[in-house]
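# Understanding the architecture of this molecule
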Amino acid sequence: MQAMTDAIATALIPLALTLKVASIATLLTFGIGVGLAAVFARRKFFGRDWLDAVATLPLVMPPTVLGYYLIVVMGRNGWIGHWIYDAFGVTLMFTWQGAVAASSVVSLPLVFKSARSALEGVDHNLEKAARTLGSSEAEVFFRVSLPLAWRGILAGTMLAFARAMGEFGATLMVAGNIPGKTQTLSLAVYSATQAGNDGLAAALVAITSLICMIVLVSSGKILKTDYLQEVDR
Amino acid sequence: MMHVDVKKSLKSRGRSFTLDVSFASGEDAVVLFGPSGSGKTVTLQAIAGLITPDSGRITLKGRVLFDSEQGIDVPPRHRNLGYLFQDYALFPHMTVFQNVGYALKKPWRRLSKEDGRRAMEFMEVFEIAHLAKSYPGMISGGQRQRVALARALIRKPDLLLLDEPFSALDTLLRERLRRELREILARFNIPAVMITHDPEDIKAFAGALIVYEAGRVCDIHPSLKEFGDRDLRSIIFPDSCPTTCATRG
């Protein structure tokens, strides 16, 4: 019994870190993914297909490859990392912020893809109607397109959150596996199993499974909206 | 007085369509008549500013809405035109009340009390006040049309554009709503441009009749008032279309 409570207490630290990292990463990907999707749904521009491919790439590439790219870009000598280090004297490598960056990149395509198809699926006549009723483009987006695409976007965001929670490979390469600092649930499960600490591993796995179930069930509940109940007359 | 002169080429999946029309009318009701795919809806959307013509000029009561030479293209939100879509395009996530009040609401604010009252008054005129809290998916076709009309007219538009307003309705209802629409147009004193396939609509509404064929205007009747039923037949039956417009693509 004592071992059990100890295991749970030890599991709470990576759990808190995981929730923090996944939540911030989801907020970031939500903003970037929906913004990008809105541009794609409205504008045709040069290199559109290539940008789409780049934004989708994290979905198909091995996490280690992504981790490598992130190190190249964000490491102390990387394009962006270099600039950040010069300006603020910090580096994202081996910090929880680095884990956020890794999770964000990995989960971005889930938000972007679902938001894009949801926004493109909005009846264009509704957007046109809003324009003839005096709405600016921003107003059309926030009062018509976004509310109508909301279900698809939210579904993608929930998946992105779940994906960010389970992120392993890229996080390991960018942020390392430092207990109490960058060790998220999935990394802790790996470490516990490697160390032969079966009790802790079981507790971590149980917690992870429970949270993922809660995310999936609640997303299913949120996605039910009332106005879609069609009545035949 | 309305002048429309529009050229627009559309391409999709290898098929191309060219619209090249020009007409003017001082009548309160202009009917665009012609087969499907002859460019009537493209014309209507060009007037509303929902598509941008390749070239041309559109003026309404002396106001220039579009002029490719002068580089004028007034955005649809500033044209102050009402548009009734074929499928009514009611916002499915808003109640009837919110739909009707849509144009009055300022972004990020609630509808003011005064505007809310105005929306209610409008809904009473259109006999849809009892549906205020219903969503468009829950009401009948005729009711939807009234909601769409109320929503478009609440801004007091300078011109109402109607894209086959009765095509989504059954014959009995069509008859009644045609009468209602005439009364409403007269009551609000708003000029209208209507697209239709239905000769009955011409009888009921047309001041001027513009006959479309394959992206061109093939016949203009500036005033139909002196026409009787039989003359109308000779106008709208296909063989009456003069050979001058036999530029079918």
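## Quick notes on the overall build of chain B
A count of helical and extended segments in chain B gives 8 helices and 11 strands. Within chain B, buried positions represent 52% of all 249 residues. Within chain B, contacts between residues at least 6 apart in sequence are counted, and of these 65% link residues at least 24 apart. Within the structure as shown, chain B displays about 12,300 Å² of accessible surface, and the carbon and sulfur contribution to it stands at 49%.

## Examining the overall build of chain A
When you go through chain A residue by residue, the secondary structure sums to 10 helices and 0 strands. Across chain A, helices and strands are ordered from the amino to the carboxyl terminus as α-α-α-α-α-α-α-α-α-α. For chain A, the C-alpha atoms occupy an extent of roughly 65 × 50 × 30 Å along the three principal directions. Within chain A, the fraction of its 233 residues that count as buried is 44%. Nonlocal contacts in chain A, meaning residues at least 24 apart in sequence, comprise 72% of its contacts between residues at least 6 apart. Entry remark: accessible area of chain A is about 12,100 Å², with carbon and sulfur atoms responsible for 69%. Computing the positive centroid from 17 side-chain charges and the negative centroid from 14, chain A places the two 3 Å apart.

## Regarding the interface of chain A and chain B
Facing the 24 residues of chain A at the interface are 28 residues of chain B. Counting each side, the surface lost to burial between chain A and chain B is near 2,400 Å², with a carbon and sulfur contribution of 63%. If you look at where chain A meets chain B, you find 0 salt bridges. At the boundary of chain A with chain B, the tally comes to 6 residue pairs in polar contact (both at pLDDT 80 or more). Mapped by element, the contributors of at least two residues to the side of chain A that touches chain B are helix H6 (124-132) and helix H7 (137-166) of chain A. For the side of chain A that touches chain B, the element with the most residues is H6(A), which contributes 7 residues. Class assignment for the residues of the side of chain A that touches chain B results in 10 nonpolar, 6 polar and 8 charged.

## Digging into the confidence of the model for chain B
Residues and elements named next belong to chain B. When pLDDT is averaged along chain B, the result is 84, and 90% of the positions lie at 70 or above. Mean pLDDT values for the elements of chain B range from 62 in helix H8 (residues 229-236) up to 94 in strand S7 (residues 81-84). We note a pTM of 0.84 for the whole complex and an ipTM of 0.87 for its interfaces.

## So, the nonpolar core
Judged by nonpolar contacts, the single largest core of 56 residues is most densely connected at B:Met2, B:Leu32, B:Phe91, B:Leu159, B:Leu161 and B:Val193. Looking at this core, the element that brings in the most residues is H7(A), giving 8 residues. By size, the runner-up hydrophobic cluster in this structure holds 43 residues, among which are B:Phe126, B:Ala150, B:Leu181 and B:Cys218.

## Digging into the packing of aromatic side chains
The full count for this structure, using the stated rule, is 12 aromatic pairs over all chains. Taking the centre distance of 5.2 Å and the plane angle of 85 degrees together, the rings of A:Phe141 and A:Phe142 count as edge-to-face. Ring centres of B:Phe126 and B:Phe188 lie 6.1 Å apart, and the angle between their planes is 25 degrees; on these two criteria the pair is classed as stacked. Pair noted here: B:Phe126 is in the loop between helix H4 (113-125) and helix H5 (141-153) and B:Phe188 is in helix H6 (residues 171-188), with a separation of 62 residues, a long-range link. Put simply, the rings of A:Phe40, A:Phe45 and A:Phe112 pair up and form one aromatic cluster.

## Quick notes on helix H9 (residues 185-194) of chain A
A:Leu185, A:Ser186, A:Leu187, A:Ala188, A:Val189 and A:Ala192 are the residues of H9(A) that are buried. Taken from the residues just after H9(A), A:Gly196 is the one with a positive phi, measuring 75 degrees.

## Structural notes on the pairing of strand S2 (residues 15-25) of chain B
Residue and element names in this part refer to chain B. As judged from the 11 bridges shared by strand S1 (residues 2-12) and S2, these two strands associate in the antiparallel manner. From the neighbouring strand, Met 2 faces S2, where its bridge partner is Ser 25. Once S1 ends, the chain turns through 2 residues before running back antiparallel as S2, passing Arg 13 with a positive phi of about 45 degrees.

## Points about the packing of helix H3 (residues 63-74) of chain A against helix H5 (residues 96-120) of chain A
All names here are of chain A. For the pair H3 and H5, the least separation of the axes is 11 Å and the interaxial angle reads 125 degrees. When the axis of H3 is compared with that of H5, the two are oblique. With respect to the hand of their crossing, H3 and H5 are arranged in right-handed fashion. Only Ala 101, Ala 102, Val 105 and Val 106 of H5 make contact with H3, whose side of the interface consists of Leu 66, Leu 70 and Met 74.

## Quick word on the pairing of S1(B)
Taken together, the 6 bridges between S1(B) and strand S4 (residues 55-60) of chain B define a ladder with antiparallel strand orientation. If you follow B:Met2 over to S4(B), its bridge partner there is B:Leu60.

## Quick word on the confidence of the model for chain A
Chain-level pLDDT for chain A is 88 on average; 94% of the residues reach the 70-or-more range. Throughout residues 229-233 of chain A the model reports pLDDT below 50, and contacts reaching past four residues in sequence, or to other chains, amount to 7 contacts.

What counts, and at which threshold
- Residues numbered from 1 in each chain as written.
- Chains lettered and ligands numbered in written order.
- Predicted model: local features only at pLDDT ≥ 70, side-chain atom pairs only at ≥ 80, totals over all residues.
- Heavy atoms only, no water.
- Helix = DSSP H or I, 4+ residues; strand = E, 2+ residues; numbered from the N terminus.
- Buried < 20%, exposed > 50% of the residue type's maximum accessible area, 1.4 Å probe, protein only.
- Contact = heavy atoms within 4.5 Å.
- Areas by Shrake-Rupley, 256 points an atom, 1.4 Å probe, with all protein chains shown as cover.
- Lys, Arg positive; Asp, Glu negative; His and termini not counted.
- Charge placed at Lys NZ, Arg CZ, Asp CG, Glu CD.
- Buried area = accessible area lost by both parts, 1.4 Å probe.
- Salt bridge = Lys/Arg side-chain N within 4 Å of Asp/Glu carboxyl O.
- Polar contact = N/O pair within 3.5 Å; in protein donor to acceptor, adjacent residues only side chain to side chain.
- Nonpolar A, V, L, I, M, F, W, Y, C, P; charged D, E, K, R; others polar.
- pLDDT = per-residue confidence, 0-100.
- Core = buried A, V, L, I, M, F, W, Y, C linked by side-chain atoms within 4.5 Å.
- Phe/Tyr/Trp six-rings, centres within 6.5 Å; stacked < 30°, edge-to-face > 60°.
- Pairing = 2+ DSSP bridges.
- Axes fitted to C-alpha atoms, helices over the stretch in contact; angles between N-to-C directions.
- Parallel < 35°, antiparallel > 145°, perpendicular 65-115°, else oblique.
- Left-handed = near helix turned anticlockwise from the far one by under 90°.

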